[in-house]
Amino acid sequence: MNTLTRLGQAAILLLLLLILATHGFVLLCTRPSTDGISAVAGYKVLHVISGSMEPALRMGDVILVRPLVPEDDIREGDVITFRAREGTALITHRVVGIVTAGGQPVGYVTKGDANAAPDALPVAREQVVGRCIFRIPLLGYVSRWVRRPTGILLTIILPGLLLSGRGLPKP
């Protein structure tokens, strides 16, 4: 077997392993925590589904949100995820102002970076899920795709057959 064929087979094996690892990560992210939000190692894992925070967060990105602890201060400029007042929908926007009473913060004025005006109502601290700390570009699209029948076929069944079958490098 020539070197070019072995390199090609090694590249295919590496690609298949990468696909399986990505799928494994996506499956881990689909496990809801006690509050119903997917979490990995204590961090909330959310998909960006609107363009309200562009260019900082784009549609299709996955973000990691660190839950707030009582000692955490929220400052202007922080990107926070919070529950909408009228339901369980989650919104991720930037803090553009802080409402205080008696010198203590009681609410946060938020705004999507791409929105013309701040959100209509301040966000109470009790609504805040956490602070956005990291983004993974476009992983949300991959996550949604691998959950579909075509994605399952191409990321689990086909690689499994190829890894267990012929055509891959022998040790």
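Residues numbered from 1 in each chain as written. Predicted model: local features only at pLDDT ≥ 70, side-chain atom pairs only at ≥ 80, totals over all residues. Heavy atoms only, no water.

**Observations concerning the overall build of the protein chain**
Threshold: The numbering of helices and of strands both runs from the N terminus, where a helix is a DSSP run of H or I of at least 4 residues and a strand a run of E of at least 2. Only protein chains enter the accessibility calculation, which uses a 1.4 Å probe. A residue is then buried if its area is under 20% of the maximum for its type, exposed if over 50%, and partly exposed in between. Here, residues are in contact when the closest pair of their heavy atoms is within 4.5 Å. In short, Shrake-Rupley with a 1.4 Å probe defines the accessible areas, and a residue's cover is counted only from the protein chains shown.
In terms of regular secondary structure, the protein chain is built from three helices and seven strands. Order of helices (α) and strands (β) in the protein chain, N terminus to C terminus: α-β-β-β-β-β-β-β-α-α. For the protein chain, the proportion of its 171 residues judged to be buried stands at 32%. The long-range fraction of contacts in the protein chain, counting pairs at least 24 apart against all pairs at least 6 apart in sequence, stands at 52%. In the form shown here, the protein chain has an accessible surface area of approximately 10400 Å², with 64% of it arising from carbon and sulfur atoms.

**Thoughts on the pairing of strand β7 (residues 128-136)**
As a reminder of what qualifies: Note: two strands are recorded as paired if DSSP finds a minimum of 2 bridges between them.
Pairing geometry for strand β3 (residues 62-67) and β7, over six bridges, is antiparallel. Bridge pairing links Val65 to Cys132 in β7. Pairing of strand β4 (residues 79-83) with β7 involves three bridges; the strand directions are antiparallel. Looking at the pairing, Ile80 lines up with Arg131 of β7.

**Quick look at the sheet that holds β4**
Strand order across the open sheet formed by seven strands is β1-β2-β3-β7-β4-β5-β6, with antiparallel pairing between neighbours. Of all strands in the sheet, those with a lone pairing partner are β1 (39-40) and β6 (104-111), marking the two edges. Pairing of β4 with strand β5 (residues 90-101), which is carried by five bridges, proceeds in the antiparallel orientation. Bridge pairing in β5 places Ile80 opposite His93.

**Observations regarding unusual backbone geometry**
The peptide bond linking Glu54 to Pro55 adopts the cis configuration, its omega dihedral lying at 10 degrees. Structurally, the position occupied by Pro55 is in the loop between β2 (43-47) and β3.

**Comments concerning the pattern of salt bridges**
Put simply, the rule is: The rule for a salt bridge is simple: a side-chain nitrogen of Lys or Arg has to be within 4 Å of a carboxyl oxygen of Asp or Glu.
The tally for this structure, following the rule as stated, stands at five salt bridges. The partner of Asp61 in a salt bridge is Arg135, with the nearest N and O atoms 2.6 Å apart. Residue Asp61 is found in the loop between β2 and β3, and its partner Arg135 is found in strand β7; the two are separated by 74 residues along the sequence. Look at Arg135 and you get partly exposed, because its relative accessible area is 30%.

**Description of the side chain of Arg131**
To be explicit about the condition: Under the rule applied, a polar contact is a pair of N or O atoms within 3.5 Å (in protein, one hydrogen donor and one hydrogen acceptor; residues adjacent in sequence only if both atoms are side-chain atoms).
By the secondary structure assignment, Arg131 is in strand β7. In this structure the side chain of Arg131 is engaged in a polar contact, spanning 2.4 Å, whose partner is the backbone oxygen of Asp73. Each residue touching Arg131, except ones within four places of it in the same chain, is listed here: Leu64, Val65, Arg66, Asp72, Asp73, Ile74, Asp78, Val79 and Ile80.

**Structural notes on a nonpolar patch on the surface**
Keep this limit in mind: Like charges are joined within 9 Å and nonpolar side chains (Val, Leu, Ile, Met, Phe, Trp, Tyr) within 5 Å, but only among residues with over 30% relative accessible area and no salt bridge; these make up the patches.
A cluster of nonpolar side chains, namely Tyr43, Ile133 and Phe134, defines an oily patch on the protein surface of about 280 Å² accessible area. Inspection of the secondary structure puts Tyr43 in strand β2. By relative accessible area, which is 31% here, Tyr43 ends up partly exposed.

**Remarks on the layout of surface pockets**
Convention followed: Only protein atoms enter the 1 Å grid used here. Points where a 1.4 Å probe fits but cannot escape make up a cavity, open sets with protein on both sides within 12 Å along at least five of seven lines make up a pocket, and a residue lines them when an atom lies within 4 Å of a point. Grid points are joined across faces, edges and corners, and a volume is the space filled by probe spheres set on the points. Only Asp, Glu, Lys and Arg are considered charged, only Ala, Val, Leu, Ile, Met, Phe, Trp, Tyr, Cys and Pro nonpolar, and every remaining residue, Gly among them, polar.
Put simply, the second largest pocket is a space of about 160 Å³. Lining of the second largest pocket is provided by Phe82, Ala84, Arg85, Glu86, Ile91, Thr110, Asp119, Ala120, Leu121, Pro122, Val123 and Gln127. Of the residues that constitute the lining of the second largest pocket, the class distribution is seven nonpolar, two polar and three charged.

Any functional reading would require information that these geometric values do not contain.
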